[in-house]
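Results of the structural survey
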Amino acid sequence: MAARPIVVLTGAGISRESGLHTFRDADGIWASVRIEDVATPEAFARDPARVQAFYDARRRGLLDPAVRPNAAHDALARLEREWPAPVLVVTQNIDDLHERAGSRALVHMHGELLKARCLACGAVSPVRQDLAPGPACPACGNGPLRPHVVWFGEMPLGMEAIGAAIDGCGLFVAIGTSGNVYPAAGFVAQARRRRARTVELNLERSQGAHLFDEGHYGPATRVVPDFVERLLAGAG
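Now for a look at the structure at hand. Counting starts from 1 at the beginning of each chain's written sequence and moves along it residue by residue. Side-chain atom pairs in this predicted model are given and counted only at pLDDT of 80 or more, local residue features only at pLDDT of at least 70, and totals for whole chains, interfaces and linings cover all residues. To obtain the side-chain values, all non-hydrogen atoms of the structure were used and water was disregarded.

1. Details of the overall build of the protein chain
Scanning the protein chain for helices and strands turns up 8 helices and 9 strands. Here the C-alpha atoms of the protein chain give a radius of gyration of 18 Å, agreeing with the 18 Å that 2.2 N^0.38 yields for 236 residues. Projecting the C-alpha coordinates of the protein chain onto the three principal axes gives extents of approximately 55 × 35 × 35 Å. Burial status follows relative accessibility: with a 1.4 Å probe on protein chains alone, a residue under 20% of its type maximum counts as buried, one over 50% as exposed, and anything between as partly exposed. Sorting the 236 residues of the protein chain into buried and exposed places 48% on the buried side. Helix and strand definitions here come from DSSP, where helices need a minimum of 4 consecutive H or I residues and strands a minimum of 2 consecutive E residues; each element is numbered from the N-terminal end. We compute the radius of gyration from the C-alpha atoms alone; for a globule the expected value is 2.2 Å times N to the 0.38, where N is the number of residues.

See the structure below:
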């Protein structure tokens, strides 16, 4: 039987072993700062300097030389290279670790920390410096910039392409996700309706673990490479 396309959903858990904080764990980002203060359009309208400072700090953390792709990122890049059908990584993460590992078929549904969007002309441009107090937009020359991230209350990016990929996949894999943030938490149900095989790879069972055909639990740097190795061995 011919190999079928794969869709992989990744969350903060895949980047944890690279030194980046998760969000919803007891020691995660949302344990120390309120969503309503830094991750909504209303927060940005009310106190843009505070929101910019929050994302500036996260951007500096991502650019720390010690933060690098780990074995799980590398394994997914290998899967894309070697699987005999398309492999799409849909990530909830705003870091660039998948790209640095070599993934090319990639949708950042929650945006990208190393990009900024102009509030005047809408242009998206690369950014590696702080946005507070804020450089002008390089496209129009005068518009203020905001982080190119999807805040709570905003529509995730690439939803049409994601939906089409899930409808056409034969395998859906969720890695390092909590299973309680929509719309991503609903992807497994969509895949099941299309009779795709569904697999969870996580540190522990997620809230939606019962929706998956199988689950493998442990550190991402162990369970993801092991799973990819088995998949590729089967394809061969």
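Moving on from the model shown.
2. As for the packing of aromatic side chains
Pairs of aromatic rings are described using the distance from one ring centre to the other and the angle between the two planes. Aromatic rings from Phe, Tyr and Trp, taking only the six-membered ring of Trp, are treated as a pair when their centres fall within 6.5 Å; an angle between ring planes under 30 degrees marks them as stacked, one over 60 as edge-to-face, and anything in between as tilted. Applying the stated criterion to the full structure yields 3 aromatic pairs. Consider the rings of Phe-54 and Tyr-55, whose centres lie 4.9 Å apart with planes at 85°: the pair is edge-to-face. Taken as a pair, Phe-54 and Tyr-55 share a single burial class, namely buried. One aromatic cluster in this structure is built from Phe-44, Phe-54, Tyr-55 and Trp-151. In this scheme, Lys NZ or Arg CZ marks a charge over a ring once it lies within 6 Å of the ring centre and within 35 degrees of the ring normal. Above the plane of the ring of Trp-151 lies Arg-146, whose end atom (NZ or CZ) is 3.7 Å from the centre.

3. Quick look at the side chain of Glu-112
Position of Glu-112 relative to the elements: it lies in strand E4 (residues 111–118). The buried category is assigned to Glu-112, whose relative accessible area is 19%. Those residues within four positions of Glu-112 in sequence are excluded, and the remaining contacts are Ile-94, Glu-99, His-148 and Val-149. Residues count as neighbours in contact if any of their non-hydrogen atoms are within 4.5 Å of one another.

4. Looking at helix H3 (residues 48–62)
Over its 15 residues, H3 extends 21 Å from the first C-alpha to the last, a length consistent with the 21 Å expected when each residue adds 1.5 Å. All of the buried residues along H3 are Val-51, Gln-52, Phe-54, Tyr-55, Asp-56, Arg-59 and Leu-62. In this analysis, the expected span of each helix is defined as 1.5 Å times one less than the number of residues it contains.

5. Let's talk about the pairing of strand E8 (residues 197–202)
The element E8 is extensively covered by neighbouring structure, given that 5 of its 6 residues are classed as buried. Should DSSP find at least two bridges between two strands, the strands are regarded as paired. As paired strands, strand E7 (residues 171–175) and E8 are joined by 5 bridges and run parallel to one another. What sits directly across from Ile-175, in E8, is Leu-201. Handedness rule for crossovers: strands pointing away from the viewer, path from the first strand over the helix to the second running clockwise, crossover right-handed. Handedness of the β-α-β unit built from E7, helix H7 (residues 187–193) and E8 comes out right-handed. Summarising the sheet, E8 and strand E9 (residues 214–217) pair through 4 bridges and their orientation is parallel. Residue pairing across strands places Leu-201 opposite His-216, the latter belonging to E9.

6. Looking at the nonpolar core
In terms of nonpolar packing, the biggest core is built from 24 residues, with Leu-79 and Val-224 touching the most fellow members. Elements with a minimum of two residues in this core: strand E1 (6–10), helix H4 (71–82), strand E2 (87–91), E7, E8 and helix H8 (220–235). Broken down by element, this core gets its largest block of residues, 7 residues, from H8. The residues touching Val-224, leaving out its near neighbours within four places in the chain, are Ala-72, Ala-75, Leu-76, Ile-175 and Leu-201. Only buried Ala, Val, Leu, Ile, Met, Phe, Trp, Tyr and Cys residues count toward a nonpolar core, and they belong to the same one when joined by side-chain atoms within 4.5 Å.

7. Considering the environment of Ala-105
Within the secondary structure, Ala-105 sits in the loop between helix H5 (97–101) and strand E3 (106–108). Residue classification places Ala-105 among the partly exposed positions, given a relative accessible area of 27%. Between the alpha carbons of Ala-105 and Pro-86 there is a distance of 8.4 Å; along the sequence they are 19 residues apart. With residues up to four places along the chain from it excluded, the contact list for Ala-105 reads Glu-80, Val-87, Leu-88 and Val-89.

8. Considerations on unusual backbone geometry
That bond from Tyr-182 to Pro-183 is cis: its omega, 10°, falls within 30 degrees of zero. Notably, Arg-195 is not glycine yet its phi reads approximately 65°, a positive angle. By the secondary structure assignment, Arg-195 is in the loop between H7 and E8.

9. So, the pairing of E7
When you tally the buried positions in E7, you get 5 out of 5 residues, the bulk of the element. Taking every second residue as pointing to the same face, both faces of E7 are buried, with Leu-171, Val-173 and Ile-175 on one and Phe-172 and Ala-174 on the other. When E1 meets E7, the two strands line up parallel, connected through 5 bridges. The residue of E7 that forms the bridge with Val-7 is Phe-172.

Any link to function would need more than the numbers given here.
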